[in-house]
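Listed below are the residues making up each chain.
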Amino acid sequence: MCESCFGKVLGSLVCILYILFVFEEGVMTLINAEQFITETTLEETPRIITIIPIAFLCTWAVKEGIRVIGRWSKF
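Since the structure is predicted, the reported quantities are computational estimates derived from the model, not experimental observations. Position labels on residues start from 1 in each chain and follow its written sequence. Per-residue local features are limited, in this predicted model, to residues with pLDDT of at least 70; the limit for side-chain atom pairs, both in listing and counting, is 80 or more; totals at the level of whole chains, interfaces and linings are taken over all residues. To obtain the side-chain values, all non-hydrogen atoms of the structure were used and water was disregarded.

Peer 1: Whenever I open this one, a nonpolar patch on the surface confuses me. Can you help?
Peer 2: Excluding any residue in a salt bridge, patches collect residues exceeding 30% relative accessible area, merging like charges within 9 Å and nonpolar Val, Leu, Ile, Met, Phe, Trp and Tyr side chains within 5 Å. Computed with the Shrake-Rupley method and a 1.4 Å probe, the accessible areas treat only the protein chains shown as cover for residues. The term salt bridge refers to a side-chain nitrogen of Lys or Arg lying within 4 Å of a carboxyl oxygen of Asp or Glu. A surface patch of nonpolar side chains, about 590 Å² in accessible area, is lined by Phe6, Leu10, Leu13, Ile16, Leu17 and Leu20. If you tally residues by element for the nonpolar patch, the top one is helix H2 (residues 8-40), at five residues. The numbering of helices and of strands both runs from the N terminus, where a helix is a DSSP run of H or I of at least 4 residues and a strand a run of E of at least 2. Counting through the fold element by element, Leu20 comes out in helix H2. To sort residues, take the accessible area from a 1.4 Å probe on protein chains only and compare it with the maximum for the residue type: under 20% means buried, over 50% means exposed, and anything in between is partly exposed. The exposure class assigned to Leu20 is exposed, which follows from its relative accessible area of 52%.

Written out as C-alpha cells, the structure is:
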C-alpha cells in the first residue's frame, strides 16, 4: 500500500521505518513489563527468565485472537 501511495523507493523506506517502529515498540513493552516484575517481586531473577514467558504469552494471545485477549483482560 505504501509503495502505491509514495512510489517504489519512498514507499519501501516508509515500510521499513514502520516495521522498525513496531519492532522497537514491542521490545520496549517487553522491557517495561520485565522491569516492573523485577522491581516489585523477583529482584534477583535474570532478565531473560522474565522476558521469555511474557513474550510467549503475548505471542500465544495474538495467535489465538481477540477472544483470548478479552478473557485475559477480565482476569
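From this point, the narrative continues.
Peer 1: Whenever I open this one, helix H3 (residues 47-64) confuses me. Can you help?
Peer 2: Since the α-helix advances by 3.6 residues per turn, residues separated by three or four positions end up pointing in the same direction. End to end, H3 covers 26 Å across 18 residues, agreeing with the expected 26 Å (1.5 Å per residue, within 8%). Residues of H3 that are buried make contact with H2 and helix H4 (66-74). Trailing H3 by a residue or two, Gly65 shows a phi angle of about 115°, which is positive. Multiplying 1.5 Å by the helix residue count minus one yields the expected span of that helix. Should any heavy atoms of two residues lie within 4.5 Å, those residues are considered in contact.

Peer 1: Which parts of the structure should I look at to understand the packing of H2 against H3?
Peer 2: A packed helix pair is summarised by two numbers, namely the angle formed by the two axes and the spacing between the axes. Axes, fitted as lines to C-alpha atoms, cover a helix only where it is in contact. Angles between the N-to-C directions of the axes lie from 0 to 180 degrees. Contact pair H2 / H3: the axes reach a minimum separation of 9 Å and the direction vectors enclose 125°. Judged by the inter-axis angle, H2 sits oblique to H3. Crossing angle aside, the handedness with which H2 passes H3 is right-handed. Counting all contacts with H2, which are made through Leu30, Ile31, Ala33, Glu34, Gln35, Ile37 and Thr38, the residues of H3 involved are Arg47, Thr50, Ile51, Ile54 and Ala55. In this count, Pro and Cys sit with the nonpolar residues alongside Ala, Val, Leu, Ile, Met, Phe, Trp and Tyr, while Asp, Glu, Lys and Arg are called charged and the others, Gly among them, polar. Split by residue class, the contact of H2 with H3 holds seven nonpolar, three polar and two charged. The labels follow the angle: roughly parallel below 35 degrees, roughly antiparallel above 145, roughly perpendicular from 65 to 115, and oblique for the rest. Put simply, a crossing is left-handed when the front helix is turned counterclockwise from the back one by less than a right angle, and right-handed when it is turned clockwise.

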